[in-house]
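In case you want the letters, here they are:
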Amino acid sequence: MTSTTSTSAIYPVTWQADAAVLIDQTRIPAELTTVRIEDYETMARAIETMIVRGAPAIGVAAAYGMYLGARALTTSERAEFLRQLAAIAQRLRATRPTAVNLFWAVERMVQAAHAVDGPVEQIKHHLLETAQAIQTDDLRTCELIGQHGLQVLPTQPERLRILTHCNAGALATAGYGTALGVVRAAWAAGRLERVFADETRPRLQGAKLTAWECVQEGIPVTIITDNMAAHCMQQGMVDAVVVGADRIAANGDTANKIGTYSVALAAKAHHIPFFVAAPLSTIDFSLIDGRQIPIEQRHPSEIYQVGDAQLCPDGAEFYNPAFDVTPAELIAAVVTEFGAIAPADLQSTLAAKQGKR
Ligand code: MRU
């Protein structure tokens, strides 16, 4: 495999001077600011309010949240410590329901705590090390996803026009990104002409975050409103679609940001390959198919309000699911850190590897 890894200097969750530091993603692109998080309840609220968002980034943030909660516990009695840690885990799990990386990371932290048979201070130390490992592993994972994605992109034309939905970039991971990791790898390899970024109503992660990441690195990006994607495909303006995922069921059905399903349908109609780029930690083998994936419902104000301006008449009602499920048959491959895999082969190829992590 050729080495074309590029870097991104965007790290949404870092550990600095005894605190977790988050890029405040609600402020981008207006300003790049950070918030210091010193306790787990503040971390839980940061996840709920989407200061940190994107499935792998939520997992990393929750892992640090677990450590922050553990650090503040005063008991030195192991059983009592583990009991109180379980309550902290429950608070963090309750923040957002769809991205399985959150549950995966919290579970990994719970297991890390139970694995230490020593004093509470030793458990706390191990929890910080585990959170840091989750962060650094995810960064490496994203770089591998980028490399594997590059191998399965269409070979023609030489320089591709890639459409993506929402933000599956450095901001949504420990850094580098999943879908945007593939984009970054393609850019570094001279195989990218431009990114089409769906704006991604209602929260505009595509227009605000994906476009911002591309602009930071000089990657040409064209923002389109969500309802323009099919038209762009029909006009021959798109060569491939690459999106991220919040939870993938065992059969390959994939939950991602609302609107992903309609992009996949349009891609199928125009014979454009549709790829999902996601780490193994996003695959939930306990779910047979996508019908069992819990879909987060968010506040209607995300639809009826932009800033202080009200867009809709009083008296209307709203429906605001944050994610939808793309059926596996619309997905050409799931690009993981272990390679690009047909959805039907996910379980046979990856279940054993998941058990070993
Ligand atoms: O609601 P968000 O912004 O957390 O949703 C994010 C997405 O849907 C991303 O596409 C997904 O988490 C993949 S991130 C690598």
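None of the values given here were measured: they were computed from a predicted structure. (Residues numbered from 1 in each chain as written. Predicted model: local features only at pLDDT ≥ 70, side-chain atom pairs only at ≥ 80, totals over all residues. Heavy atoms only, no water.)

**Quick look at the packing of helix H6 (residues 179–188) against helix H7 (residues 205–217)**
Running from N to C, H6 and H7 point in directions that differ by 25 degrees, and their axes come no closer than 12 Å. One element, H6, and the other, H7, form an angle in the roughly parallel class. Between H6 and H7 the crossing geometry is right-handed. Across the interface between the two elements, Leu-180, Arg-184 and Trp-187 of H6 pack against Thr-210, Glu-213 and Glu-217 of H7. (Axes fitted to C-alpha atoms, helices over the stretch in contact; angles between N-to-C directions. Helix = DSSP H or I, 4+ residues; strand = E, 2+ residues; numbered from the N terminus. Parallel < 35°, antiparallel > 145°, perpendicular 65-115°, else oblique. Left-handed = near helix turned anticlockwise from the far one by under 90°. Contact = heavy atoms within 4.5 Å.)

**With respect to helix H3 (residues 78–93)**
It helps to recall that an α-helix has 3.6 residues per turn; residues three or four apart then point in one direction. The terminal C-alpha atoms of H3, which comprises 16 residues, lie 22 Å apart, in line with the 22 Å expected from a rise of 1.5 Å per residue. Listed in full, the buried residues belonging to H3 are Phe-81, Leu-82, Leu-85, Ile-88, Ala-89 and Leu-92. What you see down the axis of H3 is that its buried residues fit within an arc of 115 degrees, all on one side. Residues of H3 that are buried sit in contact with helix H1 (40–48), helix H2 (55–72), helix H4 (100–115) and helix H5 (120–152). (Expected span 1.5 Å × (residues − 1). Buried < 20%, exposed > 50% of the residue type's maximum accessible area, 1.4 Å probe, protein only. Arc of directions from axis to C-beta.)

**A few points about the sheet that holds strand S8 (residues 247–249)**
Strand order in this open sheet of four strands is S11-S8-S9-S14, and the pairing throughout is mixed. The open sheet terminates on both sides in strands that have one partner only, identified here as strand S11 (283–284) and strand S14 (323–326). Strands in contact with helix H9 (residues 260–269) are strand S9 (254–257) and S14; relative to S14, the strand with the most contacts, it is inclined by about 30 degrees. (Pairing = 2+ DSSP bridges.)

**Section: the sheet that holds strand S15 (residues 333–336)**
Sheet architecture is open: seven strands sit in the order S6-S5-S4-S7-S10-S15-S16, paired in mixed fashion. Bordering the open sheet on either side are strand S6 (221–224) and strand S16 (339–341), each of which pairs with just one other strand. In this sheet, neighbouring strand axes are inclined to one another by 25 degrees on average, regardless of whether the strands run parallel or antiparallel. As judged from the three bridges shared by S15 and S16, these two strands associate in the antiparallel manner. When the sheet's bridge partners are listed, Val-335 is paired in S16 with Ala-340. Contacts from H9 reach strand S4 (160–164), strand S5 (192–198), strand S7 (240–243) and strand S10 (274–277) within the one sheet, and its direction differs from that of S10 by about 145 degrees.

**A short note on the domain arrangement of the chain**
We note that the domain assignment places domain 1 (2–140) and domain 2 (154–356) within the chain. Measuring from the centre of the C-alpha atoms in domain 1 to the corresponding centre in domain 2 gives 24 Å. A buried area of about 2,900 Å², summed over both sides, lies between domain 1 and domain 2, and 59% of it is on carbon and sulfur atoms. Counting the contacts that link domain 1 with domain 2 gives one salt bridge. Taken together, the connections running from domain 1 to domain 2 amount to 13 residue pairs in polar contact (both at pLDDT 80 or more). Elements with a minimum of two residues in the side of domain 1 that touches domain 2: H2, H4 and H5. Looking at side-chain class alone, the side of domain 1 that touches domain 2 contains 18 nonpolar, 12 polar and four charged residues. (Domains from an automatic or database assignment. Buried area = accessible area lost by both parts, 1.4 Å probe. Salt bridge = Lys/Arg side-chain N within 4 Å of Asp/Glu carboxyl O. Polar contact = N/O pair within 3.5 Å; in protein donor to acceptor, adjacent residues only side chain to side chain. Nonpolar A, V, L, I, M, F, W, Y, C, P; charged D, E, K, R; others polar.)

**Considering the nonpolar core**
Inside soluble globular proteins, nonpolar side chains tend to come together where they are buried. Of all hydrophobic cores here, the largest spans 44 residues; its most connected members are Met-43, Tyr-64, Met-66, Phe-81 and Leu-127. Every element with two or more residues in this core is listed here: strand S1 (13–16), strand S2 (19–23), H1, H2, H3, H4 and H5. When residues of this core are assigned to their parent elements, the largest contribution, 11 residues, is made by H2. Residues in contact with Tyr-64, not counting those within four places in the same chain, are Val-13, Trp-15, Ala-20, Met-43, Leu-128, Ala-131, Gln-132 and Gln-135. The next biggest cluster of nonpolar side chains, apart from the first, holds 29 residues, and it includes Leu-163, Ala-229, Val-241 and Ile-331. (Core = buried A, V, L, I, M, F, W, Y, C linked by side-chain atoms within 4.5 Å.)

**A closer look at empty space enclosed by the protein**
A full pass over the atoms with the stated rule returns three cavities of 30 Å³ or more. One number sums up the size of the largest cavity: a volume of about 170 Å³. In this structure, the largest cavity is lined by 20 residues; those nearest its centre are Arg-53, Gly-54, Ala-55, Asn-167 and Asp-246. Breaking the lining of the largest cavity down by element, the ones donating at least two residues are H2 and S9. Counted by class, the lining of the largest cavity contains eight nonpolar, eight polar and four charged residues. In terms of domain composition, the lining of the largest cavity takes at least three residues from each of domain 1 (2–140) and domain 2 (154–356). (1 Å grid on protein atoms, 1.4 Å probe; cavity = no way out; pocket = protein on both sides within 12 Å on 5 of 7 lines; lining within 4 Å. Points joined across faces, edges and corners; volume = space filled by probe spheres on them.)

**Quick word on the site of the ligand**
Taken together, 19 residues sit near the ligand, with Arg-96, Gln-205, Asp-246, Asn-256 and Lys-257 positioned nearest. Contact between the ligand and Arg-96: an oxygen atom at 2.8 Å from a side-chain N or O atom of the residue. Lys-257 has a polar side-chain atom sitting 2.7 Å from an oxygen atom of the ligand. With respect to the detected pockets, the ligand is housed in the largest cavity. Sorting the residues of the shell around the ligand by element identifies H2 and S9 as the ones contributing at least two each. Its residues assigned to classes, the shell around the ligand comprises eight nonpolar, seven polar and four charged. Counting contributing residues, the shell around the ligand receives three or more from each of domain 1 (2–140) and domain 2 (154–356). (Near = heavy atom within 4 Å. Sits in = over half its atoms within 2 Å of the grid points.)

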